[in-house]
Amino acid sequence: MAEAIPARRPARPRDDQLMLLPEIAKYVRRSENTLRWLRHQGGPDAPPLWKQGRRLVAWKSELDDWLDEQRQADSKAGERACSDMEAVRVKDYVRHLVETAPPLKPEVIEQLRALLFSS
């Protein structure tokens, strides 16, 4: 059985505004096509857009909530990466980066080695 649509929508802030797709794209700094694609894909990363006639629209407050969720998800990923890095000695990690970096001029490599590996 289909879910019933609530008779009343939740109260919104007085300054909330309904935004059109070009405004949304500018606000979140993503292209309109990217936002359409994310909406089409669905899932937790999808922006809170819906069709109003032939236009895609969203409430600014819902976009703010979505951006906050994106930031929190990214910070959790960063925390996991930091905890993994604690197990690796920084000096060894930097040495690996220097040795696997794209080709550099020999004098730059020597300067980096002198800075990193001098005790």
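Please refer to the structure placed before this passage.
Remember, it's a predicted structure, so these values are computed and weren't measured experimentally.

Engineer: It is not clear to me how the pattern of salt bridges should be interpreted in this structure. Could you clarify?
Structural biologist: It is possible for side chains bearing opposite charge to pair when their charged atoms get close. The final tally for this structure, using the stated rule, is 4 salt bridges. Close ionic contact of E32 with R36 constitutes a salt bridge, the shortest N to O distance being 3.5 Å. Linking E32 with R36, this pair stays in helix 2 (residues 32-41), spanning 4 residues, or about one helical turn. Given a relative accessible area of 29%, E32 falls into the partly exposed group. When its relative accessible area of 38% is taken as the criterion, R36 is described as partly exposed. With its nearest N and O atoms 3.6 Å apart, the salt bridge here joins D64 to K60. Within this pair, D64 and its partner K60 are both found in helix 3 (residues 60-85), separated by 4 residues, close to a single helical turn.

Engineer: Help me understand the sheet that holds strand 1 (residues 18-20), please; the structure alone is not making it clear to me.
Structural biologist: Sheet strands pair by backbone hydrogen bonding; their relative direction is either parallel or antiparallel. Overall, antiparallel pairing links the 3 strands, which are arranged 1-3-2 in an open sheet. Either end of the sheet is taken by a strand with one partner, and the two such strands are strand 1 and strand 2 (50-52). For this sheet, the mean inter-axis angle between neighbouring strands, taken without regard to orientation, is 50°. In this sheet, strand 3 (residues 55-59) lies alongside strand 2 in antiparallel orientation, the contact comprising 3 bridges.

Engineer: Looking at this model, I keep getting lost on a nonpolar patch on the surface. Mind explaining?
Structural biologist: Nonpolar side chains collect at one region of the surface, where L104, L112 and L115 lie side by side and expose about 280 Å² of accessible area between them. Locating L104 in the fold gives a position in the loop between helix 4 (90-100) and helix 5 (106-117).

Cut-off values and rules
- Residues numbered from 1 in each chain as written.
- Predicted model: local features only at pLDDT ≥ 70, side-chain atom pairs only at ≥ 80, totals over all residues.
- Heavy atoms only, no water.
- Salt bridge = Lys/Arg side-chain N within 4 Å of Asp/Glu carboxyl O.
- Helix = DSSP H or I, 4+ residues; strand = E, 2+ residues; numbered from the N terminus.
- Buried < 20%, exposed > 50% of the residue type's maximum accessible area, 1.4 Å probe, protein only.
- Pairing = 2+ DSSP bridges.
- Axes fitted to C-alpha atoms, helices over the stretch in contact; angles between N-to-C directions.
- Patch = residues over 30% accessible without salt bridge, like charges linked within 9 Å, V, L, I, M, F, W, Y side chains within 5 Å.
- Areas by Shrake-Rupley, 256 points an atom, 1.4 Å probe, with all protein chains shown as cover.

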